[in-house]
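Chains, contacts and geometry: an overview
Chain by chain, the residues run as shown.
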Amino acid sequence: MLCTPGAMTCSLLFRLFLLLALAVSSRGKHLGPTAHLHYSRFLDPSNDIFLRWDFDLETEVIVFELQVKTAGWVGLGVTDRYTTVGGDLVVGGVLPEGNVYFSDQHLVDEDTLREDGSQDAALLGLSEDSTYTTMRFSRPFRSCDPHDQDITSDTIRVLTAYGLDDTLKLSRERTFVKSIFLLQIFHPDDLDYPSDTMIHDLEITDFLIPEDDTTYACTFLPLPLVSRKHHIFKFEPKLTEHNETMVHHILVYACGNASTLPSGISECYGFDPAFSLCSQIIVGWAVGGLSYQFPDEVGISIGTPLDPQWIRLEVHYSNFHNLPGVYDSSGIRVYYTAHLRKYDMGVLQLGVLTFPIHFLPPGAESFMSYGLCKTEKFEEMNGAPVADMQVIGYLLHTHLAGRALRTVQYRNGTQLRTICKDDAYDFNLQETRDLPHHVEIKPGDELLIECNYQTLDRDSMTFGGTSTLNEMCLVFLFYYPRNNVSSCLGFPDITHVVNELGEETPESPMESLVVLSSVEWTPENIKTAEKACKEAQQTVMLKTINELIENTTGWIPDIIPTPRGPCLESSGGKVEPQDHTPARLRAAPVVLSGSDTATPRRVPLAALLFLQSSLLAMLQMGA
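The notes below deal with the structure included here. (Residues numbered from 1 in each chain as written. Predicted model: local features only at pLDDT ≥ 70, side-chain atom pairs only at ≥ 80, totals over all residues. Heavy atoms only, no water.)

Quick word on the state of the cysteines
A full pass over the atoms with the stated rule returns 5 disulfides. There is a disulfide in this structure between cysteine 218 and cysteine 268, and the S-S distance comes to 2.0 Å. In this structure, the disulfide formed by cysteine 218 and cysteine 268 twists by about 100° around the S-S bond and is classed as right-handed. Of this pair, cysteine 218 sits in strand β14 (residues 214–222) while cysteine 268 sits in the loop between β17 (265–267) and β18 (280–286), and the two are 50 residues apart along the sequence. Taken as a pair, cysteine 218 and cysteine 268 share a single burial class, namely buried. One disulfide bridge connects cysteine 373 with cysteine 488, the sulfur atoms lying 2.2 Å from each other. Its S-S torsion of about 105° marks the bond between cysteine 373 and cysteine 488 as right-handed, since a negative value means left-handed. Taken together, the residues span a long stretch of sequence, with cysteine 373 in strand β27 (residues 367–374) and cysteine 488 in strand β35 (residues 485–492) at a distance of 115 residues. A residue is classified by how much of its surface remains accessible, and cysteine 373, at 1% relative accessible area, is buried. The cystine pairing of the protein, numbering bonded cysteines in sequence order, is 1-10, 2-4, 3-5, 6-9, 7-8. (Disulfide = S-S within 2.5 Å. Helix = DSSP H or I, 4+ residues; strand = E, 2+ residues; numbered from the N terminus. Buried < 20%, exposed > 50% of the residue type's maximum accessible area, 1.4 Å probe, protein only.)

Below, the structure written as structure tokens:
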């Protein structure tokens, strides 16, 4: 946008056009000053800070409303994993005489704010009453100001701060960071909730949590007994009060009806292998997650001869403080209905086989692991033709060293797309997430899982395993229509890695792990090991719900990185010299929601008259 009358005129024009773009969104979302905002979350332990938000994926604009129990200033922004320094913070407040102030700023250090040269947030409302200060504003997902962090489908570290008065000074006691998935696709209010909904709890009963760091407790439970087909359409965690910090994840595995199952509760991966039977995950929850409801067209089928009648419930406990005498009855609550959906849903587990052959060197700033899945044998394993799989959602899972994950799809040797990713993964926030558009997987496609780890805080090897201090690299894809393949996991030829490191080749793969444990790791040989793991031949292990296993082999393809999308350049102030953006990141024209030839929705006459009069007034000011 070309502006010559002055910075104030440009700022007002930018905000008016941003508001107009919000008003004419063809998705029907009116994200204005009084619009209902779908999503909400408390941001602090005392529940004094409450955030509401909503967004438009087409116009790439997000609206926040921050409500804080204070009569002072309030601030909301985004920061990174390691420090608040450099984080962006939009601040505002109401002065005692009633005037408002509002500014797009960033943290120079942990105690100091500085106003951005480019003002990329648009104020939609600011008020103060006897209890709260409330600020509503909009901002683009990607601005061209390097002080503003992007809003993406990754985990976002939401930064919030406030003051007790209108002096803009940061206090560590009133500054908070919370991990949130801001760009959620569905909200329960948008989805069907049948009138005949029934509830069934799958829970462990009065289990004494061992005084160990890590315990995997398993038990076998029946699914609801129904006389005809029903669909499970929603699940949520059912956590015993005061045990929330000890329950790391809960998984529900479907059992084949021919399986002979043990009774009682036991260690899942201990001396009795029967307690690790059943490998097709149908529901998964992990720390930080909330309830999840499937899209209206899919559900988990129960009640037919082909459906599982029993499940294995797996509860992972992390008792790092070795507390004695703690009993738990946590589990999963499922909601089901006789109102059938169009499709039966399945879950496919992808990634690196959870086994010590998956290793991470200590002291690594970054170390990549890869797990390959080849779907060419799916029909053979399924025992019948496999329809194209329509992926609707996903769950990502690593342990404490995980920093990022991605799932990449290939067809006929060509990269098609990144199905899902999180470049800011947070171990403490693991939720099932929806895809904005269904992704089709055809038989013969290859799927690659890449996991990025950091082990700077470790001085010994980390191996794949079930303990929280071990590691995993897993992605669960929720798809329809269901088939019998439950998992497709890869792992590298470990002897090739040992050879590339210049070590003597051992006789067995397990001896290779002993050799790797004795290596003196340096940044150079860490990169050598990472490269060798990627170039080694992968063994791909496929498993069905009936525990049939077959192996194949393959090679890790290259990943073509996805470039950052175009940014929205604000005219709300001068761009500082250090803020100049390379030409490839200059602003793209604002596109209204909808198809390529989107027709704007009707704008109220009052809004058009207000826009016209405002433009005339500004042009006269600049004359």
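With respect to the sheet that holds strand β2 (residues 49–56)
As summarised here, the arrangement of the 5 strands in space is β1-β2-β3-β9-β8, forming an open sheet in which the pairing is antiparallel. Strands with a single pairing partner mark the edges of an open sheet, and in this sheet they are β1 (39–42) and β8 (122–128). Geometrically, the sheet is characterised by an average inter-axis angle of 15° between neighbouring strands, direction not taken into account. Here β1 pairs with β2 via 4 bridges, running antiparallel. For tyrosine 39, the partnering residue across the bridge sits in β2 and is tryptophan 53. (Pairing = 2+ DSSP bridges. Axes fitted to C-alpha atoms, helices over the stretch in contact; angles between N-to-C directions.)

A short note on the sheet that holds strand β11 (residues 175–180)
Reading across from one edge, β7-β6-β5-β4-β10-β11 is the order of the 6 strands in this open sheet, with antiparallel pairing throughout. The strands lining the two open edges of the sheet, one partner per strand, are β7 (112–115) and β11. On average, each strand axis in the sheet is inclined to that of its neighbour by 30°, with strand direction left out of account. Bridge count between strand β4 (residues 74–79) and strand β5 (residues 88–94): 5 bridges; the pairing is antiparallel. Bridged to glycine 77 within β5 is leucine 89.

Considering the side chain of aspartate 120
Its place among the elements puts aspartate 120 in the loop between β7 and β8. One buried charge, aspartate 120, has no salt-bridge partner; the nearest side chain with opposite charge is arginine 139, at 7.9 Å. Among the polar contacts made by the side chain of aspartate 120, one reaches the side chain of serine 118 at a distance of 3.1 Å. (Lys, Arg positive; Asp, Glu negative; His and termini not counted. Salt bridge = Lys/Arg side-chain N within 4 Å of Asp/Glu carboxyl O. Polar contact = N/O pair within 3.5 Å; in protein donor to acceptor, adjacent residues only side chain to side chain.)

A closer look at unusual backbone geometry
In the segment running from tyrosine 480 into proline 481, the intervening peptide bond is cis, with an omega of -10°. Looking at the secondary structure, you find proline 481 in the loop between β34 (473–480) and β35. Here the phi dihedral of aspartate 206 falls at roughly 45°; this positive angle occurs in a residue that is not glycine. If you trace the backbone, aspartate 206 turns up in the loop between β12 (198–203) and β13 (207–208). We classify aspartate 206 as exposed; its relative accessible area is 54%. In this structure, histidine 242 is a non-glycine residue whose phi angle is positive, near 80°. Note that histidine 242 resides in the loop between β15 (230–238) and β16 (247–254). Among the residues examined, histidine 242 registers a relative accessible area of 65% and is labelled exposed.

What about the packing of aromatic side chains?
Tallied over the entire structure, the rule returns 19 aromatic pairs. Centre to centre, the rings of phenylalanine 233 and tyrosine 335 are 6.5 Å apart; their planes meet at 55°, and the pair counts as tilted. Of this pair, phenylalanine 233 sits in strand β15 while tyrosine 335 sits in strand β23 (residues 331–337), and the two are 102 residues apart along the sequence. The same class applies to phenylalanine 233 and to tyrosine 335, which are both buried. Their ring planes at 40° and their centres at 6.4 Å tell us that phenylalanine 294 and phenylalanine 478 sit as a pair that is tilted. (Phe/Tyr/Trp six-rings, centres within 6.5 Å; stacked < 30°, edge-to-face > 60°.)

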